[in-house]
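The lines below spell out each chain.
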2 protein chains.
Amino acid sequence: MAATYEHPRPAITVDIVIFAMDEEDLQVMLIQRGVAPFAGEWALPGGFVRVDETLDAAAARELREETGLSDLFLEQLYTFGDIRRDPRERVVTVAYYALVNLAGHAVQASTDARRAAWFSVNDVPNLAFDHKQIFEAALDRLRGKVRYQPIGFELLPEKFTLRQLQHLYEIVLNRPLDKRNFRKKVLGMGIIKETNEIETDVAHRAARLFRFDKKAYDRLTRRGFNFEI
Amino acid sequence: MAATYEHPRPAITVDIVIFAMDEEDLQVMLIQRGVAPFAGEWALPGGFVRVDETLDAAAARELREETGLSDLFLEQLYTFGDIRRDPRERVVTVAYYALVNLAGHAVQASTDARRAAWFSVNDVPNLAFDHKQIFEAALDRLRGKVRYQPIGFELLPEKFTLRQLQHLYEIVLNRPLDKRNFRKKVLGMGIIKETNEIETDVAHRAARLFRFDKKAYDRLTRRGFNFEI
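Quick caveat, the model's predicted, so the values are computed rather than measured.

Reading the values: the criteria
Residues numbered from 1 in each chain as written. Chains lettered and ligands numbered in written order. Predicted model: local features only at pLDDT ≥ 70, side-chain atom pairs only at ≥ 80, totals over all residues. Helix = DSSP H or I, 4+ residues; strand = E, 2+ residues; numbered from the N terminus. Buried ≥ 20, exposed ≤ 12 C-beta atoms within 10 Å, placed from the backbone. Contact = placed C-beta atoms within 7 Å. pLDDT = per-residue confidence, 0-100. Domains from an automatic or database assignment. Nonpolar A, V, L, I, M, F, W, Y, C, P; charged D, E, K, R; others polar. Core = buried A, V, L, I, M, F, W, Y, C linked by C-beta atoms within 7 Å. Pairing = 2+ DSSP bridges.

A.B. asks: Which residues make up the overall build of chain A, and what are the values?
C.D. replies: Counting its secondary structure elements, chain A contains five helices and ten strands. Counting across all 229 residues of chain A, residues that qualify as buried make up 32%. Partitioning the contacts of chain A with sequence separation of at least 6, the portion at a separation of at least 24 is 66%.

Structure, rendered in structure tokens:
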């Protein structure tokens, strides 16, 4: 193919903000860099886009390499192109964010002999490059989006209690929610269904398990909704 | 600076979906291409990102070159990176959308001896590259966003009637709205203020002019709102 433009070109990378929910908190996966620049510092997983792969494919590949997971919620976030964001040269990065349900998967938190770890979103260290800004943009997007799309369910196991669902929303939105209002709102939306099962292995009284209604979920994802809680 | 990655790199462009509102309809600016590929076809304005300018700066420069305007609402939309979206070579484009108030500005609809024109969003011709897909993504974003951010006001003159405001929302959302509900909702949000003026040069009874309240507007832009109409 003929080159359209022979002037110097920025390099293009993808970086991924991988969120997961554990029992207590919303977590983000970080990688400790082995090489300069920023050697020893924590950073978002990511890498260069190959000339023969789409941006989505590059993000899915990086996600698979970093976590061993595929078929996750993975969405483009924003493209960051400050001129000096990489001290080596001009690099434009297309940022993505992914939502992982830790309960359903064994996540390998290490790859390429690099150190990888989950951090609470409330306790993220300094990050290399402009990755702190990218992380914050992803957290903002997640916080905004759970209010009008049911993407929060991606972070939960297949069957969950109303307590778990409320806890998830409290953690993502970073504020306490009224239990009665929350349950009324969620049940009224019609996107979750009661199962015949109750939770097991709990010290407190076992609660009913729910699962979400995929059809209602898809309808709401397309149409959007307003989860004012 | 040392190059980080010596493999073949995609080129990076910006493309801009420029929306404006005239008396009747929501419009989008298109450029007729003078050269191959797609010579003679309509396309979104755009061009290559220079290695020493940010993505936002590139988009603002293209917007200025195409319309003569600056200081407009200009927001990054999405980055499109399909491998064969440009037949010449791999080109990744960072798409932006801009909102122009035609009443307030004289827009030069021509530049570089190329033909530029406004098209109704309901009457957009075939477009070069994947520009139809980009245009549709921008229209979706605008339609989604006017429901939770007051960005629609960017398309109106400084002073406007409630009829104009309702017409704008009807055009953007592409459906009729109930006049009484609309007025109640808009006035209740507290983001517009009555002026002492009425419209001039109209055949019908002159209506009160309103302007928007910038402080309330900024507050709502930060916090978001839910304009369920």
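A.B. asks: Can you tell me about unusual backbone geometry, naming the residues and giving the values?
C.D. replies: Residue and element names in this part refer to chain A. With omega at -5°, the peptide bond leading from Ala 36 into Pro 37 counts as cis. You will see that Phe 38, though not glycine, has its phi angle at about 65°, which is positive. The residue Phe 38 is located in the loop between β2 (26-32) and β3 (42-43) in this model. Positioned with a positive phi, Asp 201 is a non-glycine residue whose angle comes to about 60°.

A.B. asks: Quick one: what's the story with the confidence of the model for chain A, residue by residue and with numbers?
C.D. replies: Averaged over chain A, the pLDDT score is 86; the fraction of residues at 70 or greater is 88%. Predicted as a complex, the structure gets a pTM of 0.88 and an ipTM equal to 0.87.

A.B. asks: Any chance you could break down the environment of Met 189 of chain B for me, citing the residues and the numbers?
C.D. replies: Residue and element names in this part refer to chain B. Along the chain, Met 189 falls in helix α4 (residues 179-189). Taking the C-beta count within 10 Å as the criterion, Met 189 has 16 such neighbours and is therefore assigned partly exposed. Linking Met 189 and Ala 216, residues 27 residues apart in sequence, is a C-alpha distance of 8.8 Å.

A.B. asks: Talk me through the domain arrangement of chain A; I want residue IDs and the actual numbers.
C.D. replies: Residues and elements named next belong to chain A. Under the domain assignment, chain A is made up of domain 1 (11-145) and domain 2 (150-223). Measuring from the centre of the C-alpha atoms in domain 1 to the corresponding centre in domain 2 gives 27 Å. Contacts between the two partners involve 13 residues from domain 1, matched on the other side by ten residues from domain 2. For the side of domain 1 that touches domain 2, the secondary structure elements donating two or more residues are β1 (11-21) and α2 (131-145). The class makeup of the residues in the side of domain 1 that touches domain 2 is eight nonpolar, two polar and three charged.

A.B. asks: For the environment of Ala 207 of chain A, give the residues involved together with the corresponding values.
C.D. replies: Mapped onto the elements, Ala 207 of chain A comes out in the loop between β9 (192-198) and β10 (208-212). Not counting the four nearest positions on each side in its chain, Ala 207 of chain A is found in contact with Thr 161, Leu 162, Arg 163, Ile 198 and Glu 199 of chain A.

A.B. asks: Now, about the environment of Arg 219 of chain A: what can you tell me, with residues and values included?
C.D. replies: For Arg 219 of chain A, the position within the fold is in helix α5 (residues 214-223). Distance from Arg 219 of chain A to Ile 191 of chain A, taken between C-alpha atoms, is 9.4 Å for residues 28 residues apart in sequence.

A.B. asks: Summarise the nonpolar core; cite the residues concerned and give the values.
C.D. replies: Counting 105 residues, the largest nonpolar core has Val 17 and Phe 19 of chain A together with Val 17 and Phe 19 of chain B as the members making the most contacts within it. Those residues within four positions of Phe 19 of chain B in sequence are excluded, and the remaining contacts are Leu 26, Gln 27, Val 28, Tyr 97, Ala 98, Leu 99, Val 100, Leu 142 and Leu 155 of chain B.

A.B. asks: I'd like a description of the pairing of strand β9 (residues 192-198) of chain B, backed by residues and values.
C.D. replies: All names here are of chain B. Summarising burial for β9: zero of the seven residues are buried, a small minority. Relative to strand β10 (residues 208-212), β9 runs antiparallel, the two being bridged by four bridges. In the strand pairing of β10, Glu 194 is matched with Phe 210.

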